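# Descriptive structure summary
Given next are the chains, with one letter for each unit.
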Amino acid sequence: MLRTLRSFFRFAIAIALFCMACVPSTSSQGFATDLAGKPFDPLHAVAGKVVVLIFVRTDCPISNRYAPTVQQLAARRADQAIFFLVYPSRKETPEAIRRHEKDFGYSLAAIRDPQHILVKQSAAQITPEAAVFNASGRLVYHGRIDNLYEDFGHVRKTATSHELADAIEAAIAGKSLVGSATPAVGCYISDIE
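Residues numbered from 1 in each chain as written. Predicted model: local features only at pLDDT ≥ 70, side-chain atom pairs only at ≥ 80, totals over all residues. Heavy atoms only, no water.

## Describing the state of the cysteines
Put simply, the rule reads: Only a pair of cysteine sulfur atoms within 2.5 Å qualifies as a disulfide here. Each helix corresponds to a stretch of at least 4 residues labelled H or I by DSSP, and each strand to a stretch of at least 2 residues labelled E; elements are numbered beginning at the N terminus. When accessible area is computed with a 1.4 Å probe and restricted to protein chains, residues below 20% of their type maximum are described as buried, those above 50% as exposed, and intermediate ones as partly exposed.
Going through the model one piece at a time under the given rule, you end up with one disulfide. In this model, C60 is linked to C187 through a disulfide, with the two sulfur atoms separated by 2.3 Å. Negative torsions about the S-S bond denote left-handed disulfides, and the value of about 95° found for C60 with C187 makes this one right-handed. Of this pair, C60 sits in the loop between β3 (50–55) and α2 (61–65) while C187 sits in strand β12 (residues 187–188); the two residues are 127 residues apart in sequence, bridging distant segments of the chain. Taken as a pair, C60 and C187 share a single burial class, namely buried.

Written as structure tokens, this is what we have:
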């Protein structure tokens, strides 16, 4: 009986070790990566600054239309907030992302998030969608950039509310927003894969 029990435990340990060896191990597990494939955590990139993540996709027309707006916001608040473009698709290669940045005039740092680490931390569901983290690293806003797109097929000539700009201002001032989330209109992140 004791011999059978020992054999069983050895077998169980061998199976457990085999299963652990089968789990893929990556150095970027738990982090997004830069375009060189190195782990990168934008929330710890610059201490004391507001961090703004803009979730984009190379083939989302609504996301692409916001490129000038995102660039203007980033330029206006460069001294107090740092912006990152986040590409959540597993299919978008670093080369495709670099080409997208060039085609749309982006000068912001780009991050790949194929494991959806930042997607989850930001509660993002759509591209384009923004997430604002205060200087302490707490999510204070996620949602649309503005109300230019009220719904699919319903586009205003100009936006009348600017939720992202308001969220950035509040985060810089250390204030709370009345609403910390506003639904975005665009391409669903879950549809990417």
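## As for the environment of T127
Heads up, the rule is: The contact rule is simple, with two residues in contact once any of their heavy atoms fall within 4.5 Å.
Relative to the assigned elements, T127 resides in strand β6 (residues 126–127). Between the C-alpha atoms of T127 and V56, which are 71 residues apart in sequence, the distance is 4.9 Å. If we ignore the near neighbours within four places in the chain, the residues touching T127 are F55, V56, R57, C60, S63, P88, V185, G186, C187 and I189.

## A short note on the environment of S176
Along the chain, S176 turns up in the loop between α6 (163–173) and β11 (181–182). Considered as a pair, S176 and Y141 are 35 residues apart in the sequence and their alpha carbons are 9.4 Å apart.

## Digging into the confidence of the model for the chain
We apply this condition: Confidence of the predictor in every single residue is expressed as pLDDT, which spans 0 to 100.
With 81% of its residues at a pLDDT of 70 or more, the chain shows a mean pLDDT of 83. The low-confidence segment residues 4–28 (pLDDT under 50) makes six contacts with residues lying over four places distant or belonging to another chain.

## A few points about the nonpolar core
Inside soluble globular proteins, nonpolar side chains tend to come together where they are buried. Applicable threshold: Residues enter a nonpolar core if they are buried and are Ala, Val, Leu, Ile, Met, Phe, Trp, Tyr or Cys, with the set joined through side-chain atoms within 4.5 Å.
In terms of nonpolar packing, the biggest core is built from 35 residues, with V52, I54, F83, V132 and L164 touching the most fellow members. Secondary structure elements with two or more residues in this core: β3, α3 (67–76), β4 (81–87), β7 (129–133), β8 (139–143) and α6. If one sorts the elements of this core by residue count, α6 sits on top with five residues. The next biggest cluster of nonpolar side chains, apart from the first, holds 14 residues, and it includes L43, F84, A124 and F133.

## A word on the pattern of salt bridges
The following threshold applies: Any Lys or Arg side-chain nitrogen located within 4 Å of an Asp or Glu carboxyl oxygen qualifies as a salt bridge.
Counted by the stated rule, this structure contains three salt bridges. Between D59 and R57 there is a salt bridge, with the nearest N and O atoms lying 2.5 Å from each other.

## Some points on the side chain of D146
Put simply, the rule is: For this count, His and the chain ends are skipped, Lys and Arg are scored as positive, and Asp and Glu as negative. Polar contacts here mean pairs of N or O atoms no more than 3.5 Å apart (in protein, one a potential hydrogen donor and the other a potential acceptor; neighbouring residues in sequence count only if both atoms are side-chain atoms).
Counting through the fold element by element, D146 comes out in the loop between β8 and β9 (149–151). Here D146 sits buried without a salt bridge, and the closest side chain of opposite charge, R144, lies 6.6 Å off (N-O distance). In terms of polar contacts, D146 uses its side chain to reach the side chain of Y66, at 2.5 Å. Reaching out from D146, the side chain makes a polar contact with the backbone nitrogen of L148 at a distance of 3.0 Å.

## Quick notes on the pairing of β7
Under the convention used in this document: For two strands to be treated as a pair, DSSP must find no fewer than two bridges joining them.
Of all five residues in β7, five are buried; the element is thus mostly enclosed. On β7, burial covers both faces: E129, A131 and F133 on one face and A130 and V132 on the other are all buried. As paired elements, β7 and β8 share four bridges and run antiparallel to each other. From the neighbouring strand, A130 faces β8, where its bridge partner is G143. Hairpin connection, β7 to β8: the antiparallel pair is bridged by five residues, and G137 has positive phi, about 85°.

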